[in-house]
Amino acid sequence: MRKVAAVTGGAQGIGRAISLAFAQAGYDVAAADIDKEAGLELIRDIRKLGRQGMFLCVDVSAEEEVQRWFRVIAEEFGRVDALINNAGISRGGSMLELPVSDFDRVLAVNLRGPFLCSRQAAALMKRQGGGSIVHIASTRALMSEADTEAYSASKGGLLALTHAMAVSLGPYGIRVNAISPGWIETRDWQKASRRTVPVHSERDRLQHPVGRVGRPEDIAAACLYLCGNNTGFMTGQNLVIDGGMTVKMIYEE
Ligand SMILES: NC(=O)c1ccc[n+]([C@@H]2O[C@H](COP(=O)([O-])OP(=O)(O)OC[C@H]3O[C@@H](n4cnc5c(N)ncnc54)[C@H](O)[C@@H]3O)[C@@H](O)[C@H]2O)c1
């Protein structure tokens, strides 16, 4: 039977890796992103894998755009088995000076967006008898550097949205989990005109217990796992994928 994955921010970075991993695993993929150039490149690459790909320019914080995206998904694909809420932005700076509009924008994309997309996906999933939703949060939901209030709050909210939705949607056969990535290198997963070769110092690598920085493929594999048949007893959970950084104790010498 046909399987369909919807991926937000699906054209670049971690989202691009997720879109291509689902296509490789046999899903047709509906990607939403605000970058049209990147979206068209993605669709070409999905079709090379022999799957059907659809791209729509969608700002996930805009309700009418999200509604339109899911109308098109329903018309073209007739179902959605997996929704990956991946689109996210960050605005740093001292909280004493950060414009409130920046705080609002981060919350709108990173938290309101997943809520809007999940509502639309859940209506389709309920009709078809189930599905799986994954929110891409961050280890910054659990710990912080200075001057990251908006981003950290949005990701903390996303973890709470995960368990709330898991309880509400469980009776419809819909599972909801989160992934909290640590440092994931995305420079080589941008659109061709922005792509660069990443360079990491030994210090960058060795501060991670696993001895390297994360790759988008690490997160994509976990999304497939969470949406697969082997995780039917798992919902409301947060999978931390950070090379061990959040379990490492640090004392200054
Ligand atoms: N890269 C990391 O180290 C890291 C770590 C933890 C969590 N994350 C999270 O992973 C997700 C992906 O991050 P990334 O590093 O791949 O980012 P990225 O900037 O490389 O890619 C994000 C994609 O989302 C799109 N996008 C931005 N705003 C959008 C909107 N309003 N509507 C639709 N699409 C939009 C962008 O155009 C881009 O294609 C984000 O939620 C981010 O917070 C990333």
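Residues numbered from 1 in each chain as written. Predicted model: local features only at pLDDT ≥ 70, side-chain atom pairs only at ≥ 80, totals over all residues. Heavy atoms only, no water.

**Considerations on the nonpolar core**
Here is step 1: Within the largest apolar cluster, 35 residues are counted, with the highest numbers of intra-cluster contacts made by Trp69, Phe70, Ile73, Leu83 and Ile133.
Here is step 2: The set of elements that each furnish at least two residues to this core consists of strand E1 (3-8), strand E2 (27-33), strand E3 (53-57), helix H3 (63-76), helix H4 (100-128), helix H5 (149-169) and strand E6 (174-181).
Here is step 3: Tallying contributions element by element places H4 first for this core, with seven residues.
Here is step 4: Sequence-distant contacts of Phe70, defined by excluding residues within four places in its chain, comprise Leu83, Cys117, Gln120, Ala121 and Leu124.
Here is step 5: In this structure, Ile14, Ile46, Val134 and Ile136 belong to the second largest nonpolar core, which totals 30 residues. (Core = buried A, V, L, I, M, F, W, Y, C linked by side-chain atoms within 4.5 Å. Buried < 20%, exposed > 50% of the residue type's maximum accessible area, 1.4 Å probe, protein only. Helix = DSSP H or I, 4+ residues; strand = E, 2+ residues; numbered from the N terminus. Contact = heavy atoms within 4.5 Å.)

**Some words on unusual backbone geometry**
Here is step 1: Here Asp147, not a glycine, exhibits a phi torsion of approximately 65°, which is positive.
Here is step 2: In this structure, Asp147 sits in the loop between strand E5 (131-136) and H5.

**Digging into a nonpolar patch on the surface**
Here is step 1: Taken together, the side chains of Leu142, Met143 and Val240 present a nonpolar region at the surface, about 250 Å² in accessible area.
Here is step 2: Structurally, Val240 can be placed in strand E7 (residues 238-241). (Patch = residues over 30% accessible without salt bridge, like charges linked within 9 Å, V, L, I, M, F, W, Y side chains within 5 Å. Areas by Shrake-Rupley, 256 points an atom, 1.4 Å probe, with all protein chains shown as cover. Salt bridge = Lys/Arg side-chain N within 4 Å of Asp/Glu carboxyl O.)

**A few points about H3**
Here is step 1: The end-to-end C-alpha distance of H3 is 20 Å, a good match for the 20 Å that 14 residues give at a rise of 1.5 Å each.
Here is step 2: Those residues of H3 not exposed but buried are Val66, Trp69, Phe70, Val72 and Ile73. Within H3, the buried residues cover an arc of 155° as seen down the axis, which keeps them to one side. The exposed residues of H3 that point more than 90 degrees off its buried face are Glu64 and Glu75.
Here is step 3: Residues of H3 that are buried in the fold lie against E1, E2, E3, strand E4 (82-85) and H4.
Here is step 4: Where H3 ends, the next residue or the one after it, Gly78, has phi of about 75°, a positive value. (Expected span 1.5 Å × (residues − 1). Arc of directions from axis to C-beta.)

**Observations concerning the site of the ligand**
Here is step 1: Around the ligand sit 27 residues, and of these Ile14, Asp33, Asn86, Tyr151 and Ile184 come closest.
Here is step 2: Here Val58 contributes a backbone N or O atom positioned 3.3 Å from a nitrogen atom of the ligand.
Here is step 3: With respect to the ligand, the side chain of Tyr151 contributes an N or O atom lying 2.5 Å from an oxygen atom.
Here is step 4: Summarising the interface, the protein chains cover 86% of the accessible area of the ligand, which totals 840 Å² for the free molecule. (Near = heavy atom within 4 Å. Polar contact = N/O pair within 3.5 Å; in protein donor to acceptor, adjacent residues only side chain to side chain.)

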